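So the chains spell out like this:
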Amino acid sequence: MKTFLKNIVLLLIIAVIVGEVVVRVTHAMSDIPQRTIDEYGIQKYYPNQDGYWKGGEHKWMINRLGWPGELPKSFDNLVLVIGDSYIENFMNPNECHQSVFLKQHMPNYNFMEAARSGVSLIEAMEINKQLDSLQPSHTLIYVNDYDFFESIVEVKPMSDITQISLKKNEIIHGKMKAPFFKKILYNWKLLYYFYNRFPLNKPSKEEKETILTEEANNKVGLESKDEVFKLIDYIKKSYNIEFLTLVFHPESNPIIVEKCKSAGFNVITLDSSVDSKSWSFDHDSHWTCYGHERAAGQVANALKIVYR
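Residues numbered from 1 in each chain as written. Predicted model: local features only at pLDDT ≥ 70, side-chain atom pairs only at ≥ 80, totals over all residues. Heavy atoms only, no water.

**Digging into the environment of Gly55**
Note the following rule: Under the scheme used here, helices are H or I runs from DSSP no shorter than 4 residues and strands are E runs no shorter than 2 residues, and both carry numbers assigned from the N terminus.
By secondary structure assignment, the location of Gly55 is in the loop between strand S3 (50–52) and strand S4 (59–61). Taking the C-alpha atoms as reference, Gly55 lies 7.4 Å from Ser30; in sequence the two are 25 residues apart.

**Considerations on the sheet that holds strand S10 (residues 244–248)**
Strand pairing in a sheet is mediated by backbone hydrogen bonds. Such pairs are either parallel or antiparallel. Threshold: Strand pairing is assigned whenever DSSP detects at least two bridges linking the two strands. Fitted lines through C-alpha atoms serve as axes, helices being fitted only where they are in contact, and the angles separating the N-to-C directions of these axes extend from 0 to 180 degrees. Here, residues are in contact when the closest pair of their heavy atoms is within 4.5 Å.
Taken together, the five strands give an open sheet; going across it, the order is S6-S5-S7-S10-S11, and neighbouring strands pair in parallel fashion. In this open sheet, the two strands that pair with only one neighbour each are strand S6 (110–115) and strand S11 (266–269). Across the sheet, the axes of successive neighbouring strands diverge by a mean angle of 20°, strand direction being ignored. Where strand S5 (residues 78–83) lies against strand S7 (residues 138–143), four bridges are found, and the strand directions are parallel. Bridging across to S7, Val79 finds its partner in His138. Packing against the sheet, helix H4 (residues 121–130) makes contact with S5, S6, S7 and S10, and its axis sits at approximately 160° to S7.

**Some details on unusual backbone geometry**
Our working definition: Burial classes: relative accessible area under 20% of the type maximum marks a residue as buried, over 50% as exposed, and values in between as partly exposed (1.4 Å probe, protein chains only).
Here Asn77, not a glycine, exhibits a phi torsion of approximately 50°, which is positive. Mapped onto the elements, Asn77 comes out in the loop between S4 and S5. The backbone phi angle of Glu251 is positive, close to 65°, even though this residue is not glycine. Mapping Glu251 onto the fold places it in the loop between S10 and helix H10 (254–262). Judged by its relative accessible area of 66%, Glu251 is exposed.

**A few points about the state of the cysteines**
For clarity, the cut-off: Here, a disulfide means two cysteine sulfur atoms that sit within 2.5 Å of each other.
All chains considered together, the criterion is met by one disulfide. In this model, Cys96 is linked to Cys289 through a disulfide, with the two sulfur atoms separated by 1.9 Å. Here the S-S torsion is close to 95°, and the disulfide linking Cys96 with Cys289 is therefore right-handed. Separated by 193 residues along the polypeptide, Cys96 in the loop between helix H2 (85–88) and helix H3 (98–105) and Cys289 in helix H11 (residues 289–306) bring together distant segments of the chain. Under the relative-accessibility criterion, Cys96 is labelled buried at 7%. Look at Cys289 and you get partly exposed, because its relative accessible area is 26%.

**Some points on the pairing of strand S13 (residues 284–287)**
For strand S12 (residues 280–281) and S13, the ladder comprises two bridges, and the chain directions are antiparallel. Looking across to S13, one finds that Ser280 is bridged to Trp287. Once S12 ends, the chain turns through two residues before running back antiparallel as S13.

**Some points on the packing of helix H9 (residues 225–238) against H10**
Spelled out, the test is: Oblique is the label for any angle not covered by the other classes, which are roughly parallel (under 35 degrees), roughly antiparallel (over 145) and roughly perpendicular (65 to 115). Crossing handedness is read from the near helix: turned anticlockwise from the far helix by less than a right angle, it gives a left-handed crossing, and turned clockwise, a right-handed one.
Their axes nearest at 10 Å, the elements H9 and H10 cross at an angle of 30°. When the axis of H9 is compared with that of H10, the two are roughly parallel. When the axes of H9 and H10 are compared, the crossing they make is right-handed. Seen from H9, the contacting residues are Lys225, Val228, Phe229, Ile232 and Asp233; seen from H10, they are Ile255, Ile256, Lys259 and Cys260.

Below is the structure:
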């Protein structure tokens, strides 16, 4: 019996080792960069990391400042590009980043991205404030409707991202969830593979229906309009928005866009309907290389008017 159990354990160990090798060699799971929280409460990445995206067709990189993508060769005439996972853009190679396409359209300017999955609008404003030491000439913050909702504790409380409590008039910095478990998970590729294939907290049918209902309400009804308007007014009062432009994703809620305009923000609204080809992946709403190129073209055309 003991011999039998030893053989079973040995086979399991061998299976785990072989499985780990196979998952790593085939890049069945994306490499995930390790995060940290800096002295200003901003979540970013440990500098100088790199890794493969799922499938292994391209690599992502984290630069010396802790942000995805390559830094510009010079910080003169600098334009910051701040956003969430759309700008983080791990699913595309470095040559398909917004900063690269914007540089092609505006070669006399240098573009630097500061992005991370989950960044809210209020955190983007905090990031912009902390990068002011680089003396940028302008800042682009790419936003969608959810970046406004997710900025407000009273609307959508989320402990792992930076938010504001409008009732307390207080910025609440996000905390990393289960950092030790995530470190194990991201480094043990086979475990990460099974975790993604068979998630422990898979939403039920009722939860999925609730999520869909919330999305519909947020998109059409804008039930949190008053809170969103208070957020916009708070940002205008608390931050310097003179050299800042909000770049709204296609099909953003016009009520939010118009409020930002009336509050004095520079606004660019992207329009993907001018293309017969989709900007996004078939299986994912994030932009493909084509989508990033088209978005950057529209942004550059608008910026040229600002710099005229």
